[in-house]
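Analysis of the macromolecular model
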Amino acid sequence: MLRTYDIAGTIEAGTDEAGRGCIAGPVYAAAVILPEDFRNEELNDSKQLTHKSRERLRELIIKEAAAYCVASASPEEIDAINILNASILSMHRAIDGLGIIPEHIIVDGNRFKPYRDIPFTCFVKGDGRYASIAAASILAKTFRDDFMREAAAQYPQYGWEVNCGYPTKAHREAVRKYGITPLHRKSFKILPDPELF
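Scope of this entry: the structure provided in the associated data block. (Residues numbered from 1 in each chain as written. Predicted model: local features only at pLDDT ≥ 70, side-chain atom pairs only at ≥ 80, totals over all residues. Heavy atoms only, no water.)

Observations concerning the overall build of the protein chain
We apply this condition: Helix and strand assignments come from DSSP, with helices taken as H or I runs of at least 4 residues and strands as E runs of at least 2, each series counted from the N terminus. This radius of gyration counts C-alpha atoms alone. The globule rule is 2.2 Å times how many residues there are, raised to the power 0.38. With a 1.4 Å probe rolled over the protein chains alone, any residue whose accessible area is under 20% of its type maximum counts as buried; one over 50% counts as exposed, and the rest are partly exposed.
When its secondary structure is counted, the protein chain shows six helices and five strands. The C-alpha radius of gyration of the protein chain comes to 17 Å, within 12% of the 16 Å expected for a compact globule of 197 residues. By its C-alpha atoms, the protein chain is 55 × 35 × 30 Å across when sized along the principal axes. Across the 197 residues that make up the protein chain, the buried fraction comes to 50%.

Overview of helix α6 (residues 169–178)
Heads up, the condition is: This arc corresponds to the set of directions leading from the helix axis out to the C-beta atoms. Contact criterion: two residues are considered in contact whenever any of their non-hydrogen atoms come within 4.5 Å of each other.
Buried residues of α6: His171, Ala174 and Val175, and no others. Taken end-on, α6 shows its buried residues confined to a sector of 100°, consistent with a single buried face. Facing away from the buried side of α6 by more than 90 degrees, the exposed set consists of Lys169, Ala170 and Lys177. Along its buried surface, α6 packs onto α5 (160–163).

Observations regarding the pairing of strand β1 (residues 12–18)
How we decide: Here, any two strands with at least 2 DSSP bridges between them count as paired.
Of all seven residues in β1, seven are buried; the element is thus mostly enclosed. Covered by surrounding structure in β1 are Glu12, Gly14, Asp16 and Ala18 together with Ala13, Thr15 and Glu17, the residues of both alternating faces. Bridge analysis of β1 against strand β4 (residues 104–108) gives four bridges, and the strand direction is parallel. The partner of alanine 13 across the bridge, within β4, is isoleucine 105. Note that β1 and strand β2 (residues 27–33) share six bridges and pair antiparallel. Across the sheet, glutamate 17 pairs through a bridge with alanine 29, a residue of β2.

Brief notes about the sheet that holds strand β5 (residues 120–123)
This is how the line gets drawn: Simply put, an axis is a line fit to the C-alpha atoms, just over the touching stretch for a helix, and the angle between two N-to-C directions goes from 0 to 180 degrees.
The five strands are arranged β3-β2-β1-β4-β5 in an open sheet whose pairing can be described as mixed. Strands at the two margins of the open sheet, each flanked by one partner only, are β3 (67–73) and β5. On average, each strand axis in the sheet is inclined to that of its neighbour by 20°, with strand direction left out of account.

Things to note about the packing of aromatic side chains
Threshold: Each Phe, Tyr or Trp ring, with Trp reduced to its six-membered ring, pairs with another whose centre is within 6.5 Å; inter-plane angles below 30 degrees give stacked pairs, above 60 give edge-to-face pairs, and intermediate values give tilted ones. Two conditions define a charge located above a ring, namely a distance within 6 Å from the ring centre to NZ of Lys or CZ of Arg, and an angle within 35 degrees of the ring normal.
Applying the stated rule across the entire model yields six aromatic pairs. Ring centres of phenylalanine 112 and phenylalanine 120 lie 5.0 Å apart, and the angle between their planes is 70°; on these two criteria the pair is classed as edge-to-face. Among the aromatic side chains, those forming a connected cluster through ring pairs are Tyr155, Tyr158, Trp160 and Tyr178. Taking the ring centre of phenylalanine 143 as reference, the NZ or CZ of arginine 58 above it sits at 4.8 Å. The ring of phenylalanine 188 carries arginine 185 above its face, with NZ or CZ at 5.1 Å from the centroid.

Topic: the environment of isoleucine 106
Note that isoleucine 106 resides in strand β4. Taking the relative accessible area as the measure of exposure, isoleucine 106 reaches 0% and is therefore buried. As for isoleucine 106 and alanine 80, which are separated by 26 residues in sequence, their C-alpha atoms are 26 Å apart.

Observations regarding the side chain of serine 46
With respect to the element layout, serine 46 can be found in the loop between β2 and α1 (51–64). Residue serine 46 is classed as buried on the basis of its relative accessible area of 5%. For serine 46, the contacting residues outside a window of four places in its chain are Arg54, Ser137, Ile138 and Lys141.

Re α1
Formally: Each helix should span, by expectation, one fewer than its residue count multiplied by 1.5 Å.
Between its terminal C-alpha atoms α1 stretches 20 Å, which fits the 20 Å expected from 14 residues at 1.5 Å a residue. Where α1 is concerned, the buried positions are Ser53, Arg54, Leu57, Arg58 and Ile61. Buried residues along α1 cover an arc of 140° about the axis, so they all sit on one side. Opposite its buried face, α1 presents the exposed residues Lys52 and Lys63, each directed more than 90 degrees away. Taken together, the buried residues of α1 touch β2 and α4 (131–154).

Below, the structure written as structure tokens:
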């Protein structure tokens with residue numbers, strides 16, 4: 001079972017993002033503060049869970065979290081400030097929306113920028129170690145997938161309801177055939193070098 005807190009007795013927020021490796025769509029992030037007595041054996045890194053499990057856990061997190069918020073940074077922002085900075089920006093926006101000011105922030109990954117004067121700790125693969133980071137990964141992933149499925153109705157050629165904006169072969173073939181949309185990240189290498197084909 002994942003640890004509930006890194007520093008017990010503090011108001012601790014876990015944060016994580018989803019969609020960094022995509023070539024289309026926003027990057028999403030979530031921040032979650034869990035009650036200190038929160039326990040759930042199924043909770044894990046969202047990438048280790050089935051779609052059905054993620055959806056079930058999303059409802060549980062929304063119901064039981066002391067506070068949570070989901071936020072995003074747009075493709076235009078990603079192009080302007082790069083994906084790392086946009087990911088951190090979306091995490092900051094999620095923390096902004098918590099409604100409870102955390103005393104400590106735990107972050108999935110190894111890069112973060114100070115949020116106000118609140119201490120933070122980064123953990124590589126933190127979503128497999130801490131419940132609040134895992135919860136944030138599930139919210140970020142499921143809310144982003146919902147966004148991309150809705151966007152797929154507007155741009156049906158790209159298969160976003162399946163690939164969620166990731167650079168699958170079918171997605172790239174659609175870009176080659178139909179061009180890019182306003183949701184594509186122009187600063188990304190959307191198509192590989194021609195000699196790779």
